[in-house]
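If you want the building blocks of each chain, they are given just below.
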Amino acid sequence: MLQTRVEVQDQTMQSIATELHDNVGQLLSLTTLTLNSINLNDEGKAKKKIDNSLALVNKSIKELRELAKLLHGEQLVENGIGHAIDQEINWLNKAGTYELKINNLLIDLQIASPNKDLIILRLLQEIINNIIKHAQATHIQLDSYLTDNVLHLRVVENGVGFNPEEIKLKKTGMGLNSIFKRIEMINGKLTLNSASGEGTSISIEVPYP
């Protein structure tokens with residue numbers, strides 16, 4: 001479990017480094033270029049460029065806040081995996097993009113497994129990121145519960161879907177490689193069902209605690 005914890009931390013640091021370089025770095029570079037090109041003698045164009053720079057700065061702040069969420073993953077799971085899931089759903093709900101149906105029965109869970117909880121949280125974050133980036137969904141359903149010492153997490157969305165057999169064979173694409181790796185780290189089981197135009201469902205079972 002200690003090795004697992006170190007691997008998760010390494011993955012998190014790699015994700016943060018990539019996001020800082022590719023997203024925040026690019027946004028701030030664009031901001032610098034825009035500000036440096038301002039000609040104060042042309043008031044109309046100057047105002048437009050300043051407005052564009054403010055928009056870029058605000059987007060950079062948003063990206064940094066998302067990275068802060070990654071760094072605070074361990075703090076989130078201190079209150080239990082049920083509360084960590086609830087925090088992720090609250091963030092998703094604030095976006096106002098999806099119709100959500102949530103059945104999170106882990107809120108009052110009296111047992112915990114901090115190492116597994118952190119990985120399960122990362123799995124959920126990866127699944128949500130995939131939905132946001134690729135699914136074009138309008139409805140998301142999440143069910144989480146514990147039965148017979150097995151934690152169940154199921155996410156269903158009504159997006160565009162894809163060919164699951166191809167993904168299973170390659171274990172690559174759409175962030176699923178990371179999901180498969182994390183499932184293996186905690187001896188979990190993943191069931192993936194999808195079809196073109198019919199959405200996707202992902203079910204995860206993890207021995208718990």
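Above: the structure in question.
Everything in this summary refers to the structure shown in the same document. Please read all numbers here as calculations on a predicted model, not as lab measurements. (Residues numbered from 1 in each chain as written. Predicted model: local features only at pLDDT ≥ 70, side-chain atom pairs only at ≥ 80, totals over all residues. Heavy atoms only, no water.)

Section: helix H7 (residues 176-185)
Here is the rule we go by: Think of it in three bands: residues with accessible area under 20% of the maximum for their type are buried, residues over 50% are exposed, and the middle band is partly exposed, with areas taken using a 1.4 Å probe on protein chains only. Numbering of helices and strands starts at the N terminus; helices are DSSP runs of H or I of at least 4 residues and strands are runs of E of at least 2.
Among the residues making up H7, those that are buried are Leu176, Ile179, Phe180, Arg182, Ile183 and Met185. Phi turns positive, to about 55°, at Asn187, one or two residues after H7.

Some details on unusual backbone geometry
Residues Tyr208 and Pro209 are joined by a peptide bond in cis, for which omega reads 5°. Within the secondary structure, Pro209 is located in the segment after strand E5 (200-207). Positioned with a positive phi, Asp148 is a non-glycine residue whose angle comes to about 50°. Along the chain, Asp148 falls in the loop between strand E2 (139-147) and strand E3 (150-157). Asp148 sits in the exposed class, given a relative accessible area of 72%. In this model, Asn149 sits at a positive phi of 60°, which is unusual for a non-glycine residue. In this structure, Asn149 sits in the loop between E2 and E3.

A look at the nonpolar core
Going by this rule: Only buried Ala, Val, Leu, Ile, Met, Phe, Trp, Tyr and Cys residues count toward a nonpolar core, and they belong to the same one when joined by side-chain atoms within 4.5 Å. Note on contacts: a residue pair is in contact if any heavy atoms of the two residues lie within 4.5 Å.
Formed by 37 residues in total, the largest nonpolar core has its most connected members in Ile81, Ile85, Ile120, Ile131, Leu153, Leu190 and Ile204. Within the residue set of this core, elements represented by two or more residues are helix H3 (73-77), helix H4 (81-95), helix H5 (114-135), E2, E3, H7, strand E4 (189-194) and E5. By residue number, the principal contributor to this core is H5, which donates nine residues. Beyond its immediate chain neighbours, meaning those up to four positions away, Ile204 contacts Leu123, Ile127, Leu151, His152, Leu153, Ile183, Lys189 and Leu190.

Side note on the environment of Gln87
Turning to its location among the elements, Gln87 is positioned in helix H4. In this structure Gln87 comes out as partly exposed when scored by relative accessible area, which is 43%. For the pair formed by Gln87 and Leu76, sequence separation is 11 residues and the distance between their alpha carbons is 8.1 Å.

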